[in-house]
Amino acid sequence: MNLYTAIFLVMLLATALTQWWLAARHMRYIRNHRGQVPAAFRDHIPLASHRKAADYTLAKTRLGLAEGAYGYLILLAWTLGGGLALLNGAWSQLEWSPLWTGVAVMLSLFMLSSLLDLPFSLYHTFGLEARFGFNRTDLPTFIGDMLKNGLLLLLLGTPLIAVVLWLMQASGSLWWLYVWIVWMGFTLLMLWAYPAFIAPLFNKFSPLEDNELRQRIESLLSRCGFTSNGIFVMDGSKRSGHGNAYFTGLGENKRIVFFDTLLKSLDPDEVEAVLAHELGHFKHKHVHKRLVSMALLSLAGLAALGWLIQQPAFFHGLGVNEPSLHMGLILFLLVSPLFGFFLSPLMNALSRKHEFEADAYAASQTRAGDLVQALVKLYRENASTLTPDPLYSSFYDSHPPAPLRVAQLNANTRQPA
Ligand SMILES: [Zn+2]
């Protein structure tokens, strides 16, 4: 058997088995803790809410397993099943230049992939989320989102893919380094442009009107030495009942965004504490650290592709008989998540460390007790489980489980200032 086929199948199997094993542990753990609210939360979270969170988490995990299995079948169909070769053959008949054939193959692959995923995204929104009372999306919004995403893919993806393929064919053996520079530039451009130009295509952002809250936020910002390009409320309730807050953008283009759903459920003290947590991420330069680690990972990946693309066996082993630059890139994009999966616990551990740091910062700038109350409310209203399987959580969770965060915050409160 071709070496690359063997590595691919082993990684696929290892990923799938690890996911199934972790999910089985997670579901068993949640079922075993479904009957009792953890002691630290007993006064604030009723048993009924705790049970709802358990049922919601179980349903989501089950759906994730089904979607994962379906995704692996599709991956096998594209590669060993010859799907990619078929798609490539169809576009090749038009006899365009290799570069534009490559652009067409890649864009059509992305569009077909999201169509193939459509049953799951429909069920997620209108089945699962609706069943637990979170869905606010109607069909026109859902279809509108799909069309806008498709249009964005065409508008942003076409030039990006064309430049990348052109560099691959024209810039010699160090092409992967030039592609990496372009990719980094594109990432930074998107970080900068997203809040101002892309997010408003999907949601309405209006300046925060509540004067009292506004003043408190502004005084928190100046106390922490921050400037922002505005405080906005986003109509998150248009799609979902889940609440959130975020700080987005780069450089001067930073804005603070609150979901309307969050402002409805938290009181001003709690909103301030949540924002102080977000500011903590900036104070500790978490966004920059994240960007640097992503940059290093993509550099390593592209360097690996620079080598792989010269190995005909890499193509043949993954179901592609006619090696080409774009097919190499596609195979790499399809297969690399199998390797990334085993790196994700590291990235998530780093992210959880950052969450603790941001919590500590919030506790130093506002009252830790307010953040605890806000977290408890958000966990209750989002039906997030308080009792994840510890191993599952350390593998997947970008945020520490609620009991650990709350315990840490309470410890902060007790420390003398
Ligand atoms: Zn955070």
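Since this is a predicted model, take the numbers as computed values, not measurements. (Residues numbered from 1 in each chain as written. Predicted model: local features only at pLDDT ≥ 70, side-chain atom pairs only at ≥ 80, totals over all residues. Heavy atoms only, no water.)

Draft legend 1. Representation of the coordination of the zinc ion in the model. The protein atoms that coordinate the zinc ion are His277 (NE2), His281 (NE2), Glu355 (OE) and Glu355 (OE), at distances spanning 2.1 to 2.7 Å. Angles of 52 to 135° at the metal separate the 4 donor atoms of the zinc ion, which places the site in the irregular class. Between the donor residues of the zinc ion, the gaps in sequence give the motif H-x3-H-x73-E. Here histidine 277 pairs with histidine 281, and both are found in helix H10 (residues 268-283), just 4 residues apart, close to one helical turn. With respect to burial, histidine 277 and histidine 281 carry one shared label: buried. (Donors = N, O, S within 2.8 Å, 3.2 Å for Na, K, Ca; no water. Tetrahedral: all angles 85-135°; square planar, octahedral: opposite > 155°, others 65-115°. Helix = DSSP H or I, 4+ residues; strand = E, 2+ residues; numbered from the N terminus. Buried < 20%, exposed > 50% of the residue type's maximum accessible area, 1.4 Å probe, protein only.)

Draft legend 2. Just the pairing of strand S4 (residues 255-259), in detail. Burial of S4 is extensive: 5 of the 5 residues sit out of reach of the surface. Side chains Arg255, Val257 and Phe259 project from S4 onto one buried face, and the interleaved Ile256 and Phe258 project onto a second face that is buried too. In this structure, strand S2 (residues 231-234) lies alongside S4, joined through 4 bridges in parallel fashion. Of the residues in S4, the one forming a bridge with methionine 234 is phenylalanine 259. Where strand S3 (residues 245-248) lies against S4, 4 bridges are found, and the strand directions are antiparallel. Residue phenylalanine 247 lies in a different strand from S4, and its bridge partner there is isoleucine 256. (Pairing = 2+ DSSP bridges.)

Draft legend 3. Quick peek at the nonpolar core. If you look at the biggest cluster of nonpolar residues, it comprises 47 residues, and the most contacted ones within it are Leu84, Met168 and Ile330. Aside from chain neighbours lying at most four places away, what touches isoleucine 330 is Leu84, Val105, Met106 and Leu109. The next biggest cluster of nonpolar side chains, apart from the first, holds 46 residues, and it includes Ala199, Leu266, Val274 and Leu386. (Core = buried A, V, L, I, M, F, W, Y, C linked by side-chain atoms within 4.5 Å. Contact = heavy atoms within 4.5 Å.)

Draft legend 4. How the structure looks around the pattern of salt bridges. Scanning all chains against the criterion turns up 11 salt bridges. One salt bridge connects aspartate 145 with arginine 239, and the closest N-O pair in it is separated by 2.7 Å. Of this pair, aspartate 145 sits in helix H6 (residues 139-170) while arginine 239 sits in the loop between S2 and S3; the two residues are 94 residues apart in sequence, bridging distant segments of the chain. Summarising the burial analysis for this pair, aspartate 145 and arginine 239 share the class buried. Beyond isolated ion pairs, a larger network of salt bridges with shared partners links Arg216, Arg223, Asp269 and Glu272. (Salt bridge = Lys/Arg side-chain N within 4 Å of Asp/Glu carboxyl O.)

Draft legend 5. View of empty space enclosed by the protein. Counted by the stated rule, this structure contains 1 cavity of 30 Å³ or more. In this structure, the largest cavity spans a volume of roughly 50 Å³. What lines the largest cavity is simply Ile45, Ser49, His50, Ala53, Tyr379, Arg380, Ala383, Ser384 and Leu386. Sorting the residues of the lining of the largest cavity by element identifies helix H2 (47-78) and helix H15 (368-381) as the ones contributing at least two each. With 3 residues, H2 is the single largest residue contributor to the lining of the largest cavity. Partitioned by chemical class, the residues of the lining of the largest cavity number 5 nonpolar, 3 polar and 1 charged. (1 Å grid on protein atoms, 1.4 Å probe; cavity = no way out; pocket = protein on both sides within 12 Å on 5 of 7 lines; lining within 4 Å. Points joined across faces, edges and corners; volume = space filled by probe spheres on them. Nonpolar A, V, L, I, M, F, W, Y, C, P; charged D, E, K, R; others polar.)

Draft legend 6. The arrangement of the side chain of serine 108 in detail. For serine 108, the position within the fold is in helix H4 (residues 98-116). Residue serine 108 is classed as buried on the basis of its relative accessible area, which comes to 15%. Residues contacting serine 108, with those up to four places away along its chain left out, are Leu87 and Trp91.

Draft legend 7. Examining H4 more closely. Its 19 residues place the ends of H4 26 Å apart at the C-alpha level, agreeing with the 27 Å of an ideal helix rising 1.5 Å per residue. Those residues of H4 that sit buried are Leu99, Thr101, Gly102, Val103, Ala104, Val105, Met106, Leu107, Ser108 and Leu109. Of the surrounding elements, those touching the buried residues of H4 are H2, helix H3 (83-92), H6 and helix H13 (325-340). (Expected span 1.5 Å × (residues − 1).)

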